[in-house]
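# Observations on the model geometry
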Amino acid sequence: MTDLDARAAGEQVEALLAELRARSGPQAADVAEELVTCLVRLYGAGLASIVRIIGDESRLMALLIADPLVESLLLVHDLHPLDTASRVKRALGRLGTGAEFLGVDETGVVRVRLASGCGSTTAVVEQAITEAAPETTGVRLDPRDPPMLQITRRPAGAL
Amino acid sequence: MTAGLRRFAAPPPPRAAPEEKCELCGEQVGDGHAHLVDPQQRSIACACRACALLFTRPGGRYQTVPDRVRHDRETPLTEAEWAELAVPVGIAFFFINSALGRVVAGYPSPAGVTECELDLAAWDRLAAAHPLLGALTPDVEAILVVRGQPYAPDSQSAHVYLIPIDTCYSLAGALRLNWHGFDGGTEVRQILNDLLTDLRKRARQI
């Protein structure tokens, strides 16, 4: 693991736990889960202290969240200085597909209206949202407004 | 997707107390469950009642540890006889290891159980004079001897009981966990005292 990031580390941890569960049984795997939890929570508590110490130094905080690794770790521990709505809007803005943020409902599902674009944007939008706001529970894409029908005058002479 | 690590950042659910299960069939077992000894592997396994009943006869791979406790009021172990065994400590248990064909002495200590092989001739002489020693079932029963200060201060002679071998190992475990200082300390004396009280109640004359 040369390029460490929270996503890759998370995937590797899950793969290793699955391997341990298959090889040494559920008891060993449960202990390993507890071990990972213990370490993640320790570093999380450290990050929480760092965020508290930085406090209102917005310039410093902006530098921190500009770093993808630091930002991903802040998201793991719910320590990101921007709220859910701001992060989703920012992520949608970066995508540039014109998707519109409608809100987050009480169950944590993000509602978005897609603008125009090809079909693949659905998946791209969903991924961008879950990465920017992992605390949300899902994405609901509202149907886009039907394109307006262009009414023109029939060319003269046509039937 | 940072969801992978997020699940470890949440406070962990309280850990359920480990359930003790029968190591043969997986059935849940209670506190006072039976144990099976595998004499070849020198291992001991928890067993439910049904599995324990399967291995009460000798000859199989496993043997159920019986729960009888015996003592012999009529022929107590004398100091001279004890000295002949050349056991250097005040708490010891003896059992017949059928795989080795020998008597093994175990001494509980803060480092676990120290074992040594005993002078068989001395043991045989002693067993001839003491029916309690002669009654020992190989691998699954042991003779527990507790003697001298500070472990048995109330008694002139040693406490000698024929007991299930799993009791020896649970005693050894309890002593290892609670041993403080040079002679084990008050907790160790309390544990021994409780065990001896319990054995005194359960013991029948051989």
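Residues numbered from 1 in each chain as written. Chains lettered and ligands numbered in written order. Predicted model: local features only at pLDDT ≥ 70, side-chain atom pairs only at ≥ 80, totals over all residues. Heavy atoms only, no water.

Turning to the confidence of the model for chain B, a few remarks are in order. Averaged over all residues, the pLDDT of chain B equals 85, while 92% of them reach at least 70. Here the prediction assigns the complex a pTM of 0.55, and the interface score ipTM is 0.72. (pLDDT = per-residue confidence, 0-100.)

A few words now on helix 4 (residues 120-129) of chain B. Residue and element names in this part refer to chain B. Buried within helix 4 we find Ala 122, Trp 123, Leu 126 and Ala 127. Viewed along the axis of helix 4, the buried residues span an arc of 135°, placing them on a single side of the element. Buried residues belonging to helix 4 abut helix 3 (79-85), strand 5 (91-97), strand 6 (102-109), helix 5 (131-134) and strand 8 (141-146). (Buried < 20%, exposed > 50% of the residue type's maximum accessible area, 1.4 Å probe, protein only. Helix = DSSP H or I, 4+ residues; strand = E, 2+ residues; numbered from the N terminus. Arc of directions from axis to C-beta. Contact = heavy atoms within 4.5 Å.)

Bringing the packing of aromatic side chains into the picture now. The relation between two aromatic rings is expressed through the spacing of the ring centres and the mutual angle of the planes. Residue and element names in this part refer to chain B. Counting across every chain of the model gives five aromatic pairs over all chains. Note on Trp 82 and Phe 94: the rings are 6.3 Å apart at their centroids and 80° apart in plane angle, and the pair reads as edge-to-face. With a gap of twelve residues between them, Trp 82 in helix 3 and Phe 94 in strand 5 connect regions that are remote in the sequence. For Phe 94, a relative accessible area of 1% corresponds to the buried category. Measuring from ring centre to ring centre gives 5.8 Å for Phe 93 and Tyr 169, while their planes differ by 75°; the resulting arrangement is edge-to-face. Of this pair, Phe 93 sits in strand 5 while Tyr 169 sits in helix 6 (residues 165-178); the two residues are 76 residues apart in sequence, bridging distant segments of the chain. The rings of Trp 82, Phe 94 and Trp 123 are connected pair by pair, giving a single aromatic cluster. (Phe/Tyr/Trp six-rings, centres within 6.5 Å; stacked < 30°, edge-to-face > 60°.)

Here we come to the interface of chain A and chain B. Each partner contributes to the interface: chain A provides 22 residues, whereas chain B provides twelve residues. Buried surface at the junction of chain A and chain B, summed over both partners, amounts to about 1,600 Å²; 59% is from carbon and sulfur atoms. Our count for the contact surface shared by chain A and chain B stands at three salt bridges. The shortest N-O distance in the salt bridge between Arg 6 of chain B and Asp 78 of chain A comes to 2.9 Å. Along the contact surface separating chain A from chain B lie five residue pairs in polar contact (both at pLDDT 80 or more). Elements that contribute at least two residues to the side of chain A that touches chain B include exactly helix 1 (6-54) and helix 3 (68-76) of chain A. Take the side of chain A that touches chain B: its biggest share by element is 14 residues, from helix 1 of chain A. (Buried area = accessible area lost by both parts, 1.4 Å probe. Salt bridge = Lys/Arg side-chain N within 4 Å of Asp/Glu carboxyl O. Polar contact = N/O pair within 3.5 Å; in protein donor to acceptor, adjacent residues only side chain to side chain.)

With that settled, consider the pattern of salt bridges. Under the criterion given, the structure shown has 18 salt bridges over all chains. In this structure, Glu 14 of chain A engages Arg 7 of chain B in a salt bridge whose closest nitrogen and oxygen atoms are separated by 2.7 Å. Remark: Arg 7 of chain B occurs in helix 1 (residues 3-9) and Glu 14 of chain A occurs in helix 1; the pair is interchain, linking two chains. The exposure class of Glu 14 of chain A is partly exposed, given its relative accessible area of 28%. Among the salt bridges present, the one from Arg 68 of chain B reaches Glu 141 of chain B, with a minimum N-O distance of 2.6 Å.

The strands making up a sheet are joined through hydrogen bonds of the backbone, oriented either antiparallel or parallel. Residue and element names in this part refer to chain A. Ordered in space as 1-2-3, the three strands form an open sheet in which the pairing is mixed. Looking at strand neighbours, the two that pair on one side only are strand 1 (100-104) and strand 3 (138-142), the edges of this open sheet. Neighbour-to-neighbour, the strand axes of this sheet turn through a mean angle of 25°, independent of strand direction. Sheet analysis places strand 1 next to strand 2 (residues 109-113), joined by four bridges and oriented antiparallel. Pairing of Gly 103 across the sheet is with Arg 111, part of strand 2. Packed onto the sheet, helix 4 (residues 84-95) meets strand 1 and strand 2 and runs at close to 160° relative to strand 1. (Pairing = 2+ DSSP bridges. Axes fitted to C-alpha atoms, helices over the stretch in contact; angles between N-to-C directions.)

Of all five residues in strand 1 (residues 34-38) of chain B, four are buried; the element is thus mostly enclosed. Turn length for the strand 1 of chain B-strand 2 (residues 43-47) of chain B hairpin, with the two strands adjacent in sequence and antiparallel, is four residues, and the turn residue Arg 42 of chain B shows positive phi of about 55°.

Let's shift gears to the packing of helix 2 (residues 58-66) of chain A against helix 3 of chain A. All names here are of chain A. Packing of helix 2 against helix 3 leaves a shortest axis separation of 5 Å and a crossing angle of 100°. Overall, the two elements helix 2 and helix 3 adopt an arrangement that is roughly perpendicular. Contacts from Leu 64, Ile 65 and Ala 66 of helix 2 reach helix 3 at Pro 68, Val 70, Glu 71 and Leu 74. (Parallel < 35°, antiparallel > 145°, perpendicular 65-115°, else oblique.)

This next bit is on a nonpolar patch on the surface. Nonpolar side chains collect at one region of the surface, where Leu 35, Leu 39, Leu 42 and Tyr 43 of chain A lie side by side and expose about 460 Å² of accessible area between them. Here Tyr 43 of chain A shows up in helix 1. (Patch = residues over 30% accessible without salt bridge, like charges linked within 9 Å, V, L, I, M, F, W, Y side chains within 5 Å. Areas by Shrake-Rupley, 256 points an atom, 1.4 Å probe, with all protein chains shown as cover.)

Once that is clear, we can look at the state of the cysteines. Residue and element names in this part refer to chain B. All chains considered together, the criterion is met by zero disulfides over all chains. Cysteine Cys 22 is unpaired, with the sulfur of Cys 25 as its nearest cysteine sulfur at 3.7 Å. Of all cysteine sulfurs in the structure, the one in Cys 51 sits closest to Cys 48, which takes part in no disulfide; the separation is 3.7 Å. (Disulfide = S-S within 2.5 Å.)

What follows deals with the side chain of His 80 of chain A. Residue and element names in this part refer to chain A. Within the secondary structure, His 80 is located in the loop between helix 3 and helix 4. Looking at His 80, its side chain comes within polar contact range of the main-chain nitrogen of Leu 82, at 3.2 Å. Residues within four places of His 80 in sequence aside, it is in contact with Ile 65, Glu 71, Leu 74, Leu 75, Arg 87 and Arg 90.

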